[in-house]
Amino acid sequence: MRIRSAYVATLRAALLVTGPSAGVVAAQADLNGAAAYGAGHLDKFGSSVVRIGDLDGDGVSDLVVGAPDADGTAGNESGAVHFRSGADPTVELGVAFGANVGERSGYALARIGDVDGDGLEDVAVGAATYSGAAGNMQGRVYILSGATFAEIVSTTSGETGSEFGRALASAGDRDGDGIDELLVGAPFADALAVDGGAAFLVKVTAAGFTQLARFDGDQAGENAGLALASLGDLDGDGLRELVVASPDWDGTPGINTGRVRVYSSDSNSGFPLLNTLLGAGKNEQFGWAVAPIVDPGGSGVTRLLATYIGRTQAGNAFAGGGSIYDALTGAELLAAAGTNRNEFLGTSVATAGDLDRDGFQDFALGTPAFSPSGAFFGGCVDVFSSATAYGSAAKRLFRRQGSTGERLGEALADVGDLDGDGSPDFCAGATGEFDPASGLETGAVHVVLGQRPLLAPDQSHYVDFAMMTLDGVGYGSLPVFFMFGVALSNQGDFGISFASPWTIVPAAPSGPFGDCTLSGQIPDFMGLPTTIYAQALLPYAGARSKGLLFSEIATLSIN
């Protein structure tokens with residue numbers, strides 16, 4: 001064993017840390033190794049996505065995906081809503097086409113519960129460009145059955161050009177009937193000002209929709225209701241608070257500063273305004289996307305995650321980003337910044353579970369306009385830790401990047417643990433992606449697995465003095481440790497142990513996403529059949545107990 005330890009020491013000395021190799025930062029895998037594609041050319045499948053209950057009885061939550069530009073039986077751009085298996089999103093459970101030409105059904109989606117009482121969850125659908133008796137683009141919202149995929153009930157705003165249904169969000173089950181109330185955005189409503197916008201709180205039953213409250217924008221062109229969310233109870237009334245964003249509101253810094261208003265759900269008090277959060281600069285469009293997130297400080301209180309796609313970061317105009325705020329005080333708790341000019345980080349947003357297993361909910365920001373060299377409008381999704389242990393700047397965990405024209409990150413959704421490995425997954429839409437089977441630009445959704453760090457050897461078999469390269473992807477800028485051990489192949493079965501002759505090779509990452517490459521020459525094992533084992537972990541207390549070791553041990557045979 002001492003001889004073998006000497007060989008490992010030699011190997012350790014031979015390995016050098018180099019820069020990241022191509023594709024390493026995009027190594028997070030898709031569920032079942034494949035994306036799920038839409039049905040028709042230019043459908044923009046993946047414009048919206050939401051997790052729904054188990055519809056097919058396999059014990060796994062399923063997915064609903066919007067394709068608003070699909071041409072259905074009603075005519076061009078009637079839109080389509082696809083129900084997909086959560087276990088295998090390439091499997092279509094059913095599809096519902098929009099009922100009217102040009103209504104673009106599926107632009108927005110929201111979970112709502114079991115509206116028709118058949119035991120399966122239904123889904124709310126926005127068709128914001130529906131034109132009806134009130135005029136062009138008045139918009140409508142309807143409920144689709146999770147059992148039959150047929151329309152159960154629908155409603156419109158009755159206001160010309162309001163685009164009622166442009167945004168949707170669950171407001172929680174206020175009355176305990178098993179059906180969530182619904183927030184509906186109509187960002188071009190004109191009640192208080194031209195295109196001031198509005199948001200509606202409505203109760204939904206199989207018999208129809210009942211308006212409970214309306215929140216109007218009072219400045220021309222502020223587009224209130226372009227983004228919506230609900231938060232946990234902040235004022236002690238037992239009900240979720242309501243978030244109405246106006247990203248085009250003009251403030252003291254200049255045009256399109258943006259504002260986000262937080263309302264109480266207390267109907268007895270008239271749904272009072274609890275707080276207004278304002279953007280910090282001209283053209284920031286603060287509130288472009290909003291979502292609830294658990295307090296990164298550990299209090300258990302729900303905080304507000306809001307993005308500002310037009311913010312300048314480190315001299316890069318329209319780099320964008322997003323921050324976690326105390327919704328009642330407006331205090332910024334954590335910020336994630338875009339790093340490139342015209343990146344527009346935060347075009348979409350979703351929580352992503354606790355990917356780094358530090359006890360805090362992480363989050364993803366989408367940027368479909370991201371255009372690095374060689375991937376114009378490829379888009380990307382950046383995933384951040386919400387732990388404040390790193391300071392006020394959110395720690396980036398990894399980036400998933402799209403190819404040219406894919407527009408990855410157009411939509412995001414937290415989908416839970418679909419592959420059952422104990423790590424949370426999330427879903428990202430790529431509306432410009434081509435289906436390789438049909439050759440059509442259908443759009444796609446990717447269920448990105450929240451897996452542990454990755455390790456990829458360039459070969460599975462080496463000989464003495466051969467060159468070996470190991471690509472590793474960790475989390476953020478935390479170092480990745482590669483562990484090596486050797487044993488004679490003729491010694492039979494043995495258990496993997498971190499005791500001697502294992503050694504640890506620290507490999508400081510060279511990129512912003514924890515990616516690094518180790519390469520070096522295999523030492524002289526004198527032609528003896530030998531096996532090398534490589535693994536990695538994150539070097540902080542409790543990493544091993546939290547399951548942050550590589551999910552697979554790389555086995556490399558020599559001679």
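Given the structure is predicted, the values throughout are model-derived calculations rather than measurements.

Cut-off values and rules
- Residues numbered from 1 in each chain as written.
- Predicted model: local features only at pLDDT ≥ 70, side-chain atom pairs only at ≥ 80, totals over all residues.
- Heavy atoms only, no water.
- Helix = DSSP H or I, 4+ residues; strand = E, 2+ residues; numbered from the N terminus.
- Contact = heavy atoms within 4.5 Å.
- Areas by Shrake-Rupley, 256 points an atom, 1.4 Å probe, with all protein chains shown as cover.
- 1 Å grid on protein atoms, 1.4 Å probe; cavity = no way out; pocket = protein on both sides within 12 Å on 5 of 7 lines; lining within 4 Å.
- Points joined across faces, edges and corners; volume = space filled by probe spheres on them.
- Nonpolar A, V, L, I, M, F, W, Y, C, P; charged D, E, K, R; others polar.
- pLDDT = per-residue confidence, 0-100.
- Pairing = 2+ DSSP bridges.
- Buried < 20%, exposed > 50% of the residue type's maximum accessible area, 1.4 Å probe, protein only.
- Polar contact = N/O pair within 3.5 Å; in protein donor to acceptor, adjacent residues only side chain to side chain.
- Axes fitted to C-alpha atoms, helices over the stretch in contact; angles between N-to-C directions.
- Core = buried A, V, L, I, M, F, W, Y, C linked by side-chain atoms within 4.5 Å.
- Salt bridge = Lys/Arg side-chain N within 4 Å of Asp/Glu carboxyl O.

Undergrad: Residues and numbers for the overall build of the protein, please.
TA: Regarding its fold elements, the protein presents 1 helix and 37 strands. Taking the contacts inside the protein whose residues are at least 6 apart along the sequence as the reference set, 58% of them involve residues at least 24 apart. Of the roughly 20100 Å² of accessible surface on the protein, 52% is carried by carbon and sulfur atoms.

Undergrad: Explain the layout of surface pockets residue by residue, including any values.
TA: Size it by volume and the largest pocket reaches roughly 1500 Å³. Along the walls of the largest pocket sit 48 residues, with Leu109, Leu168, Val290, Val349 and Leu412 positioned nearest its centre. Elements that contribute at least two residues to the lining of the largest pocket include exactly strand 3 (48–52), strand 7 (108–113), strand 11 (167–170), strand 15 (227–231), strand 19 (286–294), strand 23 (348–351) and strand 27 (408–416). For the lining of the largest pocket, the element with the highest residue contribution is strand 19, accounting for 7 residues. Residue composition of the lining of the largest pocket, grouped by class: 26 nonpolar, 12 polar and 10 charged.

Undergrad: Explain the confidence of the model for the protein to me, using residue names and the numbers behind them.
TA: Mean pLDDT over the protein works out to 84, with 80% of the residues at or above the 70 mark. Segment residues 1–27 is flagged for pLDDT under 50; beyond a separation of four residues in sequence, or across chains, it makes 66 contacts in the model. With pLDDT under 50 throughout, residues 485–514 is counted as low confidence; its partners more than four residues away or in other chains account for 89 contacts.

Undergrad: An account of the pairing of strand 14 (residues 208–216) is requested, with residue identities and associated values reported.
TA: Summarising the sheet, strand 13 (residues 198–205) and strand 14 pair through 8 bridges and their orientation is antiparallel. Counted as the bridge partner of Lys203 is Thr210 from strand 14. Hairpin connection, strand 13 to strand 14: the antiparallel pair is bridged by 2 residues.

Undergrad: Give a description of the side chain of Ser47 that names residues and reports values.
TA: Its place among the elements puts Ser47 in the loop between strand 2 (36–37) and strand 3. Residue classification places Ser47 among the buried positions, given a relative accessible area of 15%. A distance of 2.7 Å separates the side chain of Ser47 from the backbone oxygen of Lys44, its partner in a polar contact. Setting aside its immediate chain neighbours within four residues, Ser47 contacts Gly66, Pro68, Tyr107, Glu410, Ala411 and Thr431.

Undergrad: How would you summarise the sheet that holds strand 19 if you had to cite specific residues and measurements?
TA: Judged by pairing direction, the sheet is antiparallel, and its 4 strands sit side by side in the order 19-20-21-22 without closing on themselves. Two strands close off the open sheet at either side, each with one partner strand: strand 19 and strand 22 (332–337). Neighbouring strand axes in the sheet, compared pairwise and without regard to direction, differ in orientation by 20 degrees on average. In terms of strand pairing, strand 21 (residues 321–325) meets strand 22 through 5 bridges, oriented antiparallel. In the strand pairing of strand 22, Gly321 is matched with Ala337.

Undergrad: Describe the nonpolar core, naming the residues involved and giving the relevant values.
TA: Among the nonpolar cores identified, the biggest contains 20 residues, and Ile143, Leu168, Leu182 and Val204 are the most heavily contacted of them. Going through the elements one at a time, strand 7, strand 9 (140–144), strand 12 (182–186) and strand 13 are the ones with two or more residues in this core. Here this core gets 4 residues from one element, more than from any other, and that element is strand 13. When neighbours within four sequence positions are excluded, Val204 is seen to be in contact with Ile112, Val115, Ile143, Ile179, Leu182 and Phe209. Counting 18 residues, the second-largest nonpolar core is a separate cluster that includes Leu31, Phe45, Ala67 and Ala70.

Undergrad: Go over the environment of Leu305, please, and point to the residues and values.
TA: Its location among the elements puts Leu305 in strand 20 (residues 302–308). As for Leu305 and Leu231, which are separated by 74 residues in sequence, their C-alpha atoms are 10.0 Å apart. Here Leu305 is in contact with Ala289, Val290, Ala291, Ile293, Ser323, Ile324, Val349 and Phe363, once residues within four sequence places are set aside.

Undergrad: Got a sec to walk through the pattern of salt bridges? Specific residues and values, please.
TA: This structure, assessed with the given rule, holds 22 salt bridges. For the salt bridge of Glu159 with Arg214, the shortest nitrogen-to-oxygen distance reads 2.7 Å. Placement of the pair is Glu159 in the loop between strand 10 (151–156) and strand 11 and Arg214 in strand 14, with a sequence separation of 55 residues. Since its relative accessible area comes to 18%, Glu159 is described here as buried. Residues Arg166 and Glu163 are paired through a salt bridge, measuring 2.9 Å at the closest nitrogen-oxygen approach. On the basis of relative accessibility, which here comes to 23%, the residue Arg166 falls in the partly exposed class. A single network of salt bridges, built from pairs that share partners, joins Asp175, Asp177, Glu181 and Lys203.

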